[in-house]
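Here is what each chain is made of, one letter per residue.
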Amino acid sequence: MNLCHARWLRCVGLLCGLWAGIAPAALAGGPKYVAGTSFFDPAATGQPLRWANGQVSYFVDQGALSATVTSQQAVAMVDAAAALWSAVPTAGVTLTDAGTLNEDVNAGNVTANNGVFAAPADVTPQETGYPVAVVFDADGSIIDTLFGAGASDATACQTNGVWEWTDHFNPDATFGHAVIVLNGLCTATANQLEMMSFQLERAFGEVLGLGFSQVNPGALTSGDPNQSLGLPVMEPLSGACGPAGGACIPQPGTLRLDDLAALNRLYPITAANLGSFPGKELTAANTVSLAGTICFRGGTGMQGVNVVARPLDANGNPLDQYTVTAVSGALFSGNHGNAIAGWADANGVSLAQWGSNDPALQGGFDLSGIPLPPGMITATYQITFEPVGALYILENTVGPYIDGSPAPSGTMPVLTEASLSAGAARTLTVTIGDSAAGGAEDAIAASTTPRPLPPSGQWMGRLSQVGQTDWFAFPVRGGRTFSVITVALNEQGTPAENKAMPEIGLWNGSDAVTAAPAAWAPGLNGYAEGETFVSAASAGNDVVRMAIADERGDGRPDYAYEGWVLYADTVSPAHLPAAGGAIVIRGMGFRPSDTVKVGGAAATVTSISPNEITAIAPASTATGSVDVEVDEQTNFSAFAVLSGGLSYNAGTGDALTLVTAPANTVPADVPLPFSVTALNASLQPAGGVTVTYTVTSGTATLGCGQPGCAVTATGDGLATMTVTAAASSAAVVTASLANGASVQAHFTGGAAPTLAALTPTLSVAAGATVSWPVQALVLQNGAPMSGQTVVWQSTAGVTAGGAVTSSASGVATGMLTVSGLAEGQQAISNACVNGTANCAAFTVLGARPEYAVVEAVSGTAQSLSVSGTPQQIVLRVRDMNGNPMAGGTVTLYQAIYAWTPPCPVHGRCAAAELLATQVSTAASALDGTVVFTPASLPGVATNTTALAATGNASTLALSIERHP
């Protein structure tokens, strides 16, 4: 079997990695990049990436930024943005303008390689002597060369005014090279320049390794100025920036406490490095630290929760302008990969390169490095927990999940930590008692041992552990299209877009377990809430292997899902007349809302169960194979198709095979069977199709009496029509289907068969009832002929049985029942061959029993020793004409005497003692014979005398001696 489908496409950011190229989307809500288990040194796993020693040099382009912004003005703007980060007193980082690049970078000297510079040399990834290259793209041509025509569009300056990427990483989890490109097309107005200054600040934050933060979401529309004042420079959506520019956030030239805390965590000043940063102060001693873990009730870390710390005023009200956040599990991998989408990103870089796989980090959060609000020497903090916004994905990621963060589970607490002064540190352990989902079965199967799909085609599953995959297997027939759907559920069991992202993969049964899937779909690609959908078509019979995994390779106790396979396996009957009719579709995953189409026309559904649909197929004006489709369009765009699953009359691939037909020379005027079997493309009986018999040429007669006759094949596909040849005439008769499939019978009429009676007469005692086996010989040109039909006719006194067929020797054997004939009455039963006038007569006479005669056949005179056994007495009854007579009555009188020796020559004979007598009656058989058993006394010497009598006067004496 080969599965095929239209592969779903999904948008990916500018993803690559290893030591050169553009890195994966930010692992933000903390550090932008975290070292994983590949490429980086093992000791670096789980460490945020940063610049070695916090000392960062940047080099600026020699050219002007645009026609209205000189090189000096552009450099001043760059320096101001860099100085903002260098000025943080508790962060061990310094951004230094180290001079200019070696040239004016422009379209004339730029070449690109997969979204990074291939030239000039000093802006390429390997040129670590120029750690940060700041390029001025005066006309947007550099951006278009790197990222495609139109990437520099001046109407989208809020997103393309400043470009930043890091393209060189070192195995010790340090940066080697980064690039910032300023779009000169976005400098036409003062407002655009103001926006570019803000974008530069964000770009330097990203260059330093900071990710985006979710602080006071909805602040710009809340009407609360304090919330807006809390928006950090590292806000993920650039605040209120639009194409025209202006202030994207209030006071865009000021780092917020969230920015400061994030920089402090990434570049802390310690006693060891304090000397490298004159005038700065120790981070831990001058800030507040809140750290800890948030867990499901079973102890699994709850990754992706935005942990929010807000100081309270004297009245216990939150001071939103000083909000600081961090996302739980920021150091744990947010994309582990899976067997469906693979284990590498779009550029072939292993996903294991980013983020730790240590479960201890899965729910950890770090809110250290928080500066106290201005004017406060102690503060009470309120700690809350919230979901990461659904828009914060890919290049706008907040937290470790680049494809979207799951919502927290259970009831989130509100915590308070009182009286925190500079240097204070608190560790929090938060367990959510009402988290996780129930009612679903954990995924337990493996790719090498998939579990059978439930017969109903529907089930509940749960991906409760990181990297867990649900594997199933189910059989399909060729020519079927089926749908696989999953619906992600929240802990209440209702569909959700913010929990699992179930990804679906399908493999042919013969595929290696390590092969890429033949069909797949990314998580949540369907139209319904929480839906993932994929369809596939089978080319042949096979067993499909199916996998369900979280798109991120994630797994949590609240990742429940509903699974569903909609598959139509068979339809019966497979053939219908043009008027349509009832059909039964069998398969799995059928739902009450399903509809059915036959040949594209709606059928009337009469009943539905998970494995069976009954429906009335509509009438059709055309013949041939049509598709049968089951649709579920009420909630999902699911469908299952049996390609060519039903035919109006003969379908594509139906054919005829010959069973028996007249051939060569056949007897004229004899109806002979022309039988065929209709088969479908799978060589199964095609019952219900119409087989048309036609006299194609010559002279012949069909059983229906017309030149063309239609026969509906029975359930086993058999259709039969009798064909009668004319004498000395060649003919061709064709049996055909509506699709053109046909077989022919070619024959010529010969001499008609004749019939001869082998048992032509019978004499029966008047009034008697007998069964008369009769035989006739079928001949053609004097030779016995087999396979011909002979029928005896009933008449007065004679009842005939059914038709019989002549044997290989030409003999046909029938049975007549004779009864009630009067004396002297003669009855004739004619036997005829193949319904023709070629007949033979069988005559029976009602004989007069009173004139019957009995004669000896055997056993009428016996002499044997006393130990011997007498033979049967066989007699024959004849009528008055000497013919054996059936049904005649014979009475036998027997007398048993004690044995005496023969009479002497002289003297008296010994007197014999009479020991017993016996009277017996029997009717004569067809040959006139009757059989009696002699009377005897075991072990006694006897002389038996007997007299047989029939009719009015016929007798016969018998004797049996048993001597000592």
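Summarised in this report is the structure supplied together with it. All values reported here derive from a predicted model rather than from experimental measurement.

Bringing the overall build of the protein into the picture now. Each helix and strand in the protein was counted, giving 7 helices and 61 strands. A compact globule built from 964 residues would reach a C-alpha radius of gyration of about 30 Å, whereas the protein, at 52 Å, exceeds it by more than 25%. Taken over 964 residues, the protein has a buried fraction of 53%. When contacts within the protein are restricted to residue pairs at least 6 apart in sequence, those whose partners lie at least 24 apart make up 69%. Looking at charge distribution, the protein has the averaged site of its 27 positive side-chain charges lying 15 Å from that of its 65 negative ones.

Among the 9 residues that make up strand β36 (residues 671–679), 7 are buried, leaving the element largely enclosed by the rest of the structure. Sheet topology places β36 next to strand β40 (residues 718–725); 7 bridges connect them, and they run antiparallel. Residue T677 lies in a different strand from β40, and its bridge partner there is L718.

This model, assessed by the stated rule, comprises 14 salt bridges. Across the pair D470 and R451 runs a salt bridge whose closest N-O atoms are separated by 2.6 Å. Taken together, the residues D470 in strand β19 (residues 469–476) and R451 in strand β17 (residues 451–452) connect sequence positions 19 residues apart. R451 gets classed as buried once you look at its relative accessible area, which sits at 14%.

The next subject is the sheet that holds strand β2 (residues 55–60). Sheet strands line up and pair through hydrogen bonds in the backbone, either parallel or antiparallel. Overall, mixed pairing links the 5 strands, which are arranged β3-β2-β6-β8-β7 in an open sheet. The strands lining the two open edges of the sheet, one partner per strand, are β3 (94–100) and β7 (162–170). Sheet twist, expressed as the average angle between the axes of neighbouring strands with direction ignored, equals 20 degrees. Across 5 bridges, β2 lies against β3 in parallel orientation. Counted as the bridge partner of V56 is L95 from β3. Packing against the sheet, helix α1 (residues 71–86) makes contact with β2, β3, β6 (132–137) and β8 (174–183), and its axis sits at approximately 160 degrees to β3. Along the sheet, helix α4 (residues 190–207) contacts β2, β3, β6, β7 and β8; its crossing angle with β8, the most-contacted strand, is approximately 165 degrees.

Conventions adopted
Residues numbered from 1 in each chain as written. Predicted model: local features only at pLDDT ≥ 70, side-chain atom pairs only at ≥ 80, totals over all residues. Heavy atoms only, no water. Helix = DSSP H or I, 4+ residues; strand = E, 2+ residues; numbered from the N terminus. Rg over C-alpha atoms; globule rule 2.2 N^0.38 Å. Buried < 20%, exposed > 50% of the residue type's maximum accessible area, 1.4 Å probe, protein only. Contact = heavy atoms within 4.5 Å. Lys, Arg positive; Asp, Glu negative; His and termini not counted. Charge placed at Lys NZ, Arg CZ, Asp CG, Glu CD. Pairing = 2+ DSSP bridges. Salt bridge = Lys/Arg side-chain N within 4 Å of Asp/Glu carboxyl O. Axes fitted to C-alpha atoms, helices over the stretch in contact; angles between N-to-C directions.

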